[in-house]
Structures are given as structure tokens and as C-alpha cells.
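What the coordinates show
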Amino acid sequence: MTRVSLRGVTKRFEDVVAVDRVSLEVREGELFTLLGPSGCGKTTTLRIIAGFELPDEGSVFFDNEDVTYKKPYERGCAMVFQNYALWPHMTVYENVAYGLKVRGLPAREIRKRVDEVLELVGLRGLEDRYPTQLSGGQQQRVALARALVVEPKVLLLDEPLSNLDAKLRLRMREEVKKLQKELGITTIYVTHDQEEAMSISDRVAVMNRGRVLQVGTPIEVYTKPANLFVATFIGRSALLRGKIVRADGRRVSILTRGGFKLEGTGLGVRSGDTEIVAVVRPEDFSLSPLPDANIIEGKVELVMFLGPYKQLRVNARGERIIAYVDPEEEVKAGEIIKLYIKPEDVKVYSAEGWEELEFE
Amino acid sequence: MGGSAASKLRKLSFYLDPVLIAQLLLPTTILFLFLVAPLLLVAYVAGQYSIFDVLSDPTYFSLRPRGQPVLILRTSFRGREVTIIKVVGVSFGAVINSLINAVIVTAGATVLGVAVAFVFARYEFPGKTVLRILATMPLLLTPFINVFVIRKLFDWRDGIISWFVCDVLGLPLRLGVDSIAGVAVAQIMTFFPLVYLNVYSSMVNIDPSLEEQAENLGAKGFRLFRTVTLPLSLPGLAAGSALVFIFSLEDVAAPIVFNEKRFISYQVFSKFIEATTGQLSPVAAILALILLLLALTIFASIRRYVMLRQYAMLSRGGRWKPRMRKLSAKGLLAIYLVLAPLLVFLAFPQLGVIIYAFSERWTGPLPQGFTLKNLWSIVEDPLVSRAVINSLTYSLSALALIILLGISASYVIARARVPGVDLLDLLVTSPVAIPGLVIAVGYFYFFTTFFRGTPLDPIVSGPSLLLVLAYSVRRLPFTARAVFAGLQQVHIALEEASLNLGAGRLRTLVNIVIPLISLNLLSGALVSFVYCMSETSTSITLGGLGGVGESHQAPITFIMLDYLNRVGGPHIVASLGVLLISLQLLVITLVNVVFKQRYAYVGV
Ligand SMILES: Nc1ncnc2c1ncn2[C@@H]1O[C@H](COP(=O)(O)OP(=O)(O)OP(=O)(O)O)[C@@H](O)[C@H]1O
Ligand SMILES: [Mg+2]
């Protein structure tokens with residue numbers, strides 16, 4: 001098992017800083033995810049680790065060895081490419097066996113290991129098919145098998161599930177996680193899908209504009225977003241802009257632009273910040289009164305039943321809020337309702353950098 | 001940024017492994033040695049002499065025209081009173097003649113080519129496929145012998161046109177085109193498809209909505225053509241016309257067949273006749289340099305419109321569904337009464353070559369007797385069969401080198417992230433723009449100077465090796481461009497996946513890249529091969545350096561030229577032409593139909 005460290009890695013393409021002073025420590029056997037919006041530098045980071053790109057600054061270590069200048073074929077990584085990059089002129093068997101042939105293994109050993117790995121990913125019987133004769137899910141598994149069969153030091157996955165339909169994506173997500181745990185390979189997983197990242201990872205690094213903004217377990221990142229970007233990128237939170245009225249340690253009182261007075265928890269506020277954004281996750285709204293809770297009154301615009309919960313779209317004095325509530329609740333569009341929020345669920349951040357956020 | 005030299009070197013070495021370095025150095029070295037150095041030597045030798053020696057000699061340069069452009073004579077011919085009208089053109093000396101001729105040929109070919117392209121690109125009519133094939137037939141290379149047929153068409157005495165007008169229609173006229181004018185007509189007929197194909201592919205690439213918009217604004221007919229269609233097909237027009245201009249300048253077949261010495265190309269060629277002694281007149285260097293500079297100027301001046309690399313890959317298909325219109329009855333009549341006969345006429349030289357090959361005699365206006373003995377003599381006549389074997393040997397050897405250089409260079413150009421790659425690209429594609437005669441002159445000086453007395457000296461060991469090298473360099477662009485086009489379609493991740501799994505660069509190249517571009521490679525190689533087999537300029541100049549004996553080293557085209565003036569020779573030359581036509585048709589079919597690739601129609 002291998003530990004991967006990035007130390008101050010920077011990569012520029014002409015005037016774009018694709019990766020900006022990134023330092024990371026990926027632990028042995030861990031499934032580590034790079035999560036971030038499109039263009040934030042995830043693929044570039046992965047390609048630097050694989051040896052396809054040379055960083056302009058900084059270095060990459062596998063355990064204690066500096067591999068920054070090593071060629072891709074000297075690194076012992078195996079990568080699953082976003083479009084799978086299966087070789088169209090080779091059968092499934094030949095695709096998977098390639099890495100072993102390159103390593104000069106005897107034919108019998110190759111046969112045995114290819115059979116094993118195809119068994120593992122559930123592709124036995126399809127050995128003689130060509131990639132074009134496979135479904136998307138099957139192709140994805142061939143790509144995975146091709147990477148796994150060489151028993152890589154580090155497994156690199158670049159949005160491996162993004163080309164699959166929603167249902168298959170969920171299933172493959174579990175399979176990847178299971179395989180990774182069984183084999184215990186240090187794995188770096190790239191995705192822009194926060195739900196995927198939350199469900200699959202041991203730890204997540206949230207990236208934006210080439211920078212790593214927060215590293216932590218999915219729960220840490222979800223419950224304690226380190227800054228406004230992380231808070232807004234993960235979940236469909238309500239964002240309420242406003243001003244600080246009074247600050248008392250972590251506890252802050254704010255006045256939103258819509259005129260709501262709220263008690264919240266200051267996470268990314270510095271003294272002197274006046275412009276702030278309060279972030280509230282949809283599931284932190286409640287329809288039943290809570291002690292000491294903030295109250296927001298608004299008009300229900302849309303009700304959608306989504307199975308485990310009901311999604312409400314509420315217009316509260318011009319602020320648009322998404323709230324998930326108990327599906328049993330009787331709420332109808334047009335109704336005026338009161339939403340209760342505990343002060344610790346109102347996370348208050350400095351509004352600095354607000355303009356740079358991109359909203360759906 | 002930046003950093004020390006050591007860290008820069010380290011960076012460079014990260015992206016350049018030994019295989020890539022070899023792939024970079026091999027074509028660069030070969031092309032520097034066997035293209036750049038000989039050309040520089042031409043310039044050097046030319047610089048040793050005063051260019052005014054040439055320019056003050058009326059053979060080459062004169063401001064007063066000599067001769068009368070049209071000769072009209074009333075006389076009795078074969079017992080009849082006839083008027084002979086013979087167009088011959090006037091001479092200003094070889095240099096000016098070549099230039100004027102190139103301008104006239106370019107203009108003629110452009111008018112013809114644009115007209116034909118416009119009809120094909122915009123109108124739908126029955127029989128179009130046949131006419132389109134006819135329109136490309138002149139591009140089937142049949143060195144010398146197609147011009148020989150053209151001369152036969154326009155001969156005032158026994159020419160087909162004269163015979164038709166005077167003997168069939170009974171008019172008291174005998175018409176002829178000969179000498180300088182004959183060369184121009186022959187070249188227009190041969191080269192117009194270059195304009196046609198380029199303009200055609202531009203036209204079918206025009207976004208139809210642009211024309212529709214103009215029509216909505218009221219532009220119609222010729223106005224629409226002049227203000228919208230033609231300007232938008234300018235890149236194709238520029239490409240095609242430039243090629244015609246250069247081909248006309250360097251073409252040596254038409255002047256030779258019309259026995260017209262007053263052209264640069266003929267002058268350069270004729271200097272080689274004495275070159276077996278090891279001496280080449282320095283005038284050859286001066287004239288070659290003039291040719292080279294003219295050609296390069298033309299290419300440089302149209303770079304705005306088309307990049308050099310595009311020349312090696314002509315006729316790109318349309319992305320849009322072009323606007324096709326049905327023709328009115330009047331239009332159809334014009335097609336069948338004007339365009340169809342015109343295209344048959346323009347394709348006649350190639351048809352004539354076939355007729356020549358299968359006829360016993362063709363001294364009068366019409367061919368006589370059917371025979372296979374001309375074809376048979378390819379095998380039977382030892383000089384001819386030897387030439388065929390020589391050409392095959394040279395072409396296949398050149399092909400091996402072309403494939404190696406083509407893959408190497410294109411791979412580096414497409415993939416390596418190092419500075420200076422553009423220069424290699426220019427080097428690899430430039431032979432399209434460099435007249436073969438200049439290369440011939442350069443090679444002569446280069447190998448007789450630096451390799452005197454060695455096996456590479458053509459005076460000592462004959463021209464075999466020189467021809468292989470010349471073919472390789474001249475026909476490299478076809479394969480290199482095809483490979484490059486293939487590489488652009490291979491997603492780089494397919495290679496990275498291989499590198500990533502531990503395969504080195506060479507292994508990745510052999511196991512992944514080459515199989516994936518095999519169709520492109522094969523197509524490019526076939527095109528290179530065909531144009532090696534029919535290569536003319538260096539073949540008829542350098543090719544004669546070994547002399548013509550039983551174990552001669554001359555290639556097909558040299559022997560074709562040699563046999564042209566022998567008794568019964570043209571029939572044998574024609575059967576070699578048929579051999580080359582068959583080869584070209586085979587390759588066109590393989591490339592277009594079997595491999596579904598694009599065929600590049602260039603090569604003289
Ligand atoms: N080879 C390259 N040349 C120039 N710019 C590049 C190159 N590769 C990436 N970039 C730029 O670097 C930035 C980061 O790109 P990268 O592919 O790493 O993003 P990503 O996070 O993987 O995005 P996505 O989710 O869309 O795949 C982008 O702005 C991109 O345009
Ligand atoms: Mg990416």
C-alpha cells in the first residue's frame with residue numbers, strides 16, 4: 001500500500017492556473033476523492049499524479065520517493081479514464097491482459113489473473129467481445145478490470161461513472177467502493193458529483209479554481225464546511241445575504257436583506273465583516289416549533305414529493321428557500337408557513353468571494 | 001517561472017523520452033541532409049556565377065518577342081487548297097516564357113476548374129457521376145504520353161481536330177496548336193482538375209445558409225456567384241491555382257513532347273544530358289534557383305488562405321448538405337451539349353493513352369489495328385522490364401523510408417510538447433512546394449561534391465540510391481499527412497492508458513498507435529507509392545546518370561521518355577502509361593472504397 005503526497009503543486013497552462021499550490025496527503029489504502037466544479041483542476045491534479053503532466057512547481061511523492069520526474073510507465077499507477085480509453089482494436093481479454101503482458105508475465109499467469117479480475121467485475125464470458133460490442137456499464141468495468149489486474153500501487157479514477165445512466169451509476173458506485181475496500185488499493189477518485197463523493201469516499205478534498213479548499217471526511221465537509229464555497233457547493237442550501245448585528249464569540253445575530261433577524265453560528269466570519277451570507281441546508285428546516293429556534297415565514301410556491309421527504313420551495317420576502325420536510329406534513333402551494341431553524345444550523349460566512357460563486 | 005538551464009533540461013526530458021528523441025532527430029537529420037543541404041548547395045553554386053550572365057542571354061531573357069503568335073498560310077495540301085492556321089505563341093526567352101506560360105495556364109485552368117466545380121457543387125442531373133469521373137481523369141499520371149496524345153489532337157497535318165474539320169466536315173481549313181502555345185494548352189488540359197477539386201471541396205463546405213441569406217437579400221444568378229459563392233471558395237481557389245502555377249513552372253513533360261526548348265524546365269533538363277561526364281552547367285543551378293524562388297514565393301503569398309500542410313491532403317468532404325438544385329431543360333441541354341463534350345475532350349489524352357497502347361499503328365489521325373503486343377513488350381523488352389523492376393525497387397525502398405519518416409515525424413508533430421516542432425512540420429510538408437527539377441540539380445551537386453568517388457556518387461555507381469532518396473523526400477508529405485490526420489482522430493487517452501499500464505513509448509507506438517492508424521498509414525503509403533512509380537522530374541534527370549545499357553538503373557519514366565522518339569516507341573510508352581493508370585485506379589479504389597479514406601490528388 002502506498003501513500004501519495006502532493007507538496008505545493010502548481011500547474012499553469014498558458015495563463016490559466018489549473019492547479020494552484022495544492023498540498024495533499026492521501027493515506028494508505030484510502031479512497032480519497034477530489035471534488036469540485038468543472039474546470040477546477042481535478043483532472044490536471046490526477047494527471048500530475050499519473051505522470052502525464054509535469055507540475056511547474058512542487059513535487060509528488062509515493063511513500064517517501066519523489067516521483068515528480070518519473071515517466072508514467074515507471075510509476076505503477078493505474079488510471080481509469082473518463083471515457084474509459086479502451087483500445088478498440090483489442091478484445092476485452094486483450095485489453096485487460098495488456099498491462100500484464102507489458103510486465104512480461106508468463107502466459108499461464110496472465111490467463112489466471114485476467115480470469116480472476118473478470119470474475120471480480122462480473123465480466124466472465126465477454127472475453128472475446130470488442131469494446132464497441134459492450135454496454136456503457138460493461139465498458140466501465142473493463143476499464144476498471146484493466147487497471148486492477150496489474151495490482152497498481154495507486155488507482156486513479158477520473159469521473160469513472162459520469163457516462164453511465166443514473167441507476168447504473170448508483171450500482172457501480174457501490175461496486176467500486178466494495179472492490180476498493182477488498183483490494184485495499186490507495187485510490188484517488190475524481191468527481192464533480194457531490195453526492196457521489198459523499199457516498200463513496202473515506203476523505204474528500206473540495207477544490208475550486210485549482211485550490212484545495214477543505215479536506216476531511218464526508219461528514220466533516222458536509223456539516224462543517226470551512227468556507228462559503230464548500231458550504232454552497234455541497235447540498236442545495238438556502239443562501240441569505242445580510243449584515244451582522246451583534247457577534248458574541250461563535251454566536252452571531254444577523255439581519256438578512258429580507259428583514260429576518262436570525263441567530264446563527266459564525267464559521268467563516270472575521271471580526272470586521274459586515275456583509276455576510278447565512279447558509280441553511282434544506283433538511284435543517286422544520287415545520288414544527290423548536291425551542292429557541294429562528295423563524296422564517298414565507299409562501300410555499302412549489303411542493304414536490306420526493307419519497308423520503310417532501311421538497312418545498314418557499315418564497316420568504318424575496319429569498320428563495322429549498323426545504324426538505326417530513327413527507328407526512330400537509331403542505332400545499334400558496335400556503336403561508338413558518339419554518340423553524342436551530343441557531344447551530346444557520347452557518348454564517350463572510351460574503352467575501354460571493355461574486356465568484358456560480359449558482360445553478 | 002523559467003528556472004535554471006538544468007531545470008529546463010529536466011523539464012524537457014520529462015516530455016521527451018529516447019524514442020521521441022529518435023523520432024524527432026531521424027526525420028530532421030534526413031531532411032536536412034537530403035532536402036535542405038542540396039537546396040542550399042543550389043543557391044551556393046548559383047551564387048558563384050552572376051545571374052546577369054543568364055539574364056543578358058536572350059535564350060533566357062529578352063524583352064522583345066520573337067516569332068509570330070499565329071501563322072496563317074494559304075497553300076495546297078494533299079491536293080486541296082486549304083488555309084492553315086497554326087497557333088504557336090511568341091518567345092521572350094525561357095525565363096519569361098515559363099512565367100507567362102504559368103500565368104496563362106493558371107488563368108485557363110482556373111476558369112475551367114471553377115466553372116466545372118460550380119456546376120458539380122450546385123446542380124443535380126442524371127449522369128453527373130460519370131462526368132465527375134471524367135473531370136478527374138486528367139489527374140491520372142501518364143508521363144509524356146498524354147501530352148503526346150494532346151499533340152496528336154492539335155497537329156495541323158495529321159491531328160484529329162484538323163482531320164475532323166477538314167476531312168470530315170469538308171472545310172478548307174487545317175488547324176493546329178504547337179510550340180509554346182501547345183505547351184500551354186497541354187498544361188491547361190492536364191492541370192485544370194487541381195482547381196476543380198479544390199474549389200469543389202470549398203464550395204460543398206460552404207454553409208448553405210450563407211447563400212440562402214444572400215438570396216433573401218435579393219442576390220441571384222451570377223451576382224450571387226460573384227458576391228457570395230466565389231469569395232467563400234477563395235481558399236480552394238487559392239490552393240488550386242497556386243498548385244497549377246507551380247506545376248506549370250516545373251512541368252518538363254509538355255515542353256519535351258512539344259520539343260519546345262524555350263522554357264526553364266526544359267533548359268534545366270537539357271543540362272543533364274551532358275551531366276553523365278560529372279559536370280553540370282552552372283546555368284542549371286541559376287535556373288533551378290529561379291524555379292525554387294518562384295515556387296516558394298507563390299506558396300508564401302497564399303499562406304494566408306491555406307497552410308502548406310493542407311496541400312498534401314486535398315479534397316475534403318463536405319460537412320453540410322450542399323445546396324443542390326435541379327436544372328431546367330435549357331440547363332440540362334447546356335450540360336449535355338457543352339459540358340459533357342468538353343469533359344470528354346479534356347479526358348481524351350488519358351483515353352488516347354489507352355487506345356495507343358492497344359493499337360498497332362497510329363500515324364494518321366485515327367488508330368489502326370488492335371494488339372496486345374505493346375503490353376507484352378513490358379515483359380519482353382529487356383530495357384523496359386528492367387525499368388519496371390527498377391521503379392518497383394526504388395519505390396518500395398523509398399516507401400520503407402517514407403513510412404519510417406512519416407510515422408516518426410507526424411507522431412512528434414502531433415504529440416511531442418517541445419518547441420521547434422512547427423519547423424519539422426514545415427520541413428516534412430515543404431516538398432509539395434519544391435519543384436522536382438530543383439531537387440535533381442541539388443542532388444547532382446550534393447552527391448558529386450561531397451560523395452565523390454563513393455558508392456553514393458551517381459557518376460560512379462549510377463543513380464539508384466539518389467532516386468530512392470529523392471522519391472522518399474518528394475513523396476513523404478502524402479504519408480506524413482495521412483498519418484497526422486489519423487493521429488488527430490486517435491484520442492490521446494488511448495496512448496496514455498498504455499503508458500499508464502507500464503508500456504514504454506515504443507511499445508505503445510507498436511501495439512496501440514500504429515494499429516489504430518493503420519488505415520490512414522496504408523492509404524498514405526499507397527498514394528506515396530503510386531506517385532513514386534510515376535515520379536518524373538528527378539527520374540528523367542538523375543535517372544540517366546547511369547546510362548542506358550542492358551543493366552541500366554533508369555526508372556520507368558526515364559525509359560518512357562527514351563522510347564518516345566523510337567520507332568513504334570510511343571505504343572510501348574503508352575502501355576507503360578496503362579500500367580501506371582491501372583496502378584493509380586487500383587490505389588484510388590483501395591483508398592476510397594476499401595479504406596474509406598481520402599485520396600490526395602497531387603504529384604508530378
Ligand atoms: N492541456 C491543457 N491546455 C490548456 N489548458 C488546460 C489543459 N488542460 C486543462 N486546462 C485548463 O485547466 C483548467 C483545469 O482543467 P481540468 O481538466 O483539470 O478540470 P477538471 O476539474 O477536471 O474539469 P472537468 O470536471 O470539466 O473535467 C481548465 O481551465 C482547463 O481549461
Ligand atoms: Mg476532468
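Right, let's talk about the overall build of chain B for a bit. Within chain B one finds 28 helices and 7 strands. Taking 2.2 N^0.38 as the reference for a compact globule, 604 residues should give roughly 25 Å; the C-alpha atoms of chain B span a radius of gyration of 25 Å, in line with that estimate. By principal-axis analysis of the C-alpha atoms, chain B measures approximately 90 × 70 × 50 Å. Taking all 604 residues of chain B together, 59% fall into the buried category. Contacts in chain B between residues far apart in sequence, at least 24 positions, make up 78% of those at least 6 positions apart. When the accessible surface of chain B is totalled, it reaches about 24,600 Å², and 67% of it is carbon and sulfur. With 46 positive and 28 negative side-chain charges, chain B shows a spacing of 8 Å between the two charge centroids.

Listed by partner, the interface residues are 35 residues for chain A and 28 residues for chain B. In total, chain A and chain B occlude about 2,600 Å² of area from one another, counting both sides; carbon and sulfur atoms represent 60% of this. A per-residue breakdown of the area chain A buries against chain B is headed by A:Y69, A:Y73 and A:Y98, which together make up 25% of the total. If you look at where chain A meets chain B, you find 2 salt bridges.

All right, on to unusual backbone geometry then. A negative phi holds for most residues other than glycine; trans holds for most peptide bonds. Non-glycine residue A:R317 carries a positive phi angle of around 45 degrees. Inspection of the secondary structure assignment puts A:R317 in the loop between β16 (310-316) and β17 (319-325). For B:S179, which is not glycine, the phi dihedral falls at a positive 55 degrees. If you trace the backbone, B:S179 turns up in helix α8 (residues 179-204).

All names here are of chain B. Splitting chain B by domain gives domain 1 (53-361) and domain 2 (375-594). Each of domain 1 and domain 2 has a C-alpha centre, and these two points are 26 Å apart. Facing the 46 residues of domain 1 at the interface are 51 residues of domain 2. The contact between domain 1 and domain 2 buries some 4,000 Å² in all, and 79% of this surface belongs to carbon and sulfur atoms.

Conventions we followed
- Residues numbered from 1 in each chain as written.
- Chains lettered and ligands numbered in written order.
- Predicted model: local features only at pLDDT ≥ 70, side-chain atom pairs only at ≥ 80, totals over all residues.
- Heavy atoms only, no water.
- Helix = DSSP H or I, 4+ residues; strand = E, 2+ residues; numbered from the N terminus.
- Rg over C-alpha atoms; globule rule 2.2 N^0.38 Å.
- Buried < 20%, exposed > 50% of the residue type's maximum accessible area, 1.4 Å probe, protein only.
- Contact = heavy atoms within 4.5 Å.
- Areas by Shrake-Rupley, 256 points an atom, 1.4 Å probe, with all protein chains shown as cover.
- Lys, Arg positive; Asp, Glu negative; His and termini not counted.
- Charge placed at Lys NZ, Arg CZ, Asp CG, Glu CD.
- Buried area = accessible area lost by both parts, 1.4 Å probe.
- Salt bridge = Lys/Arg side-chain N within 4 Å of Asp/Glu carboxyl O.
- Domains from an automatic or database assignment.

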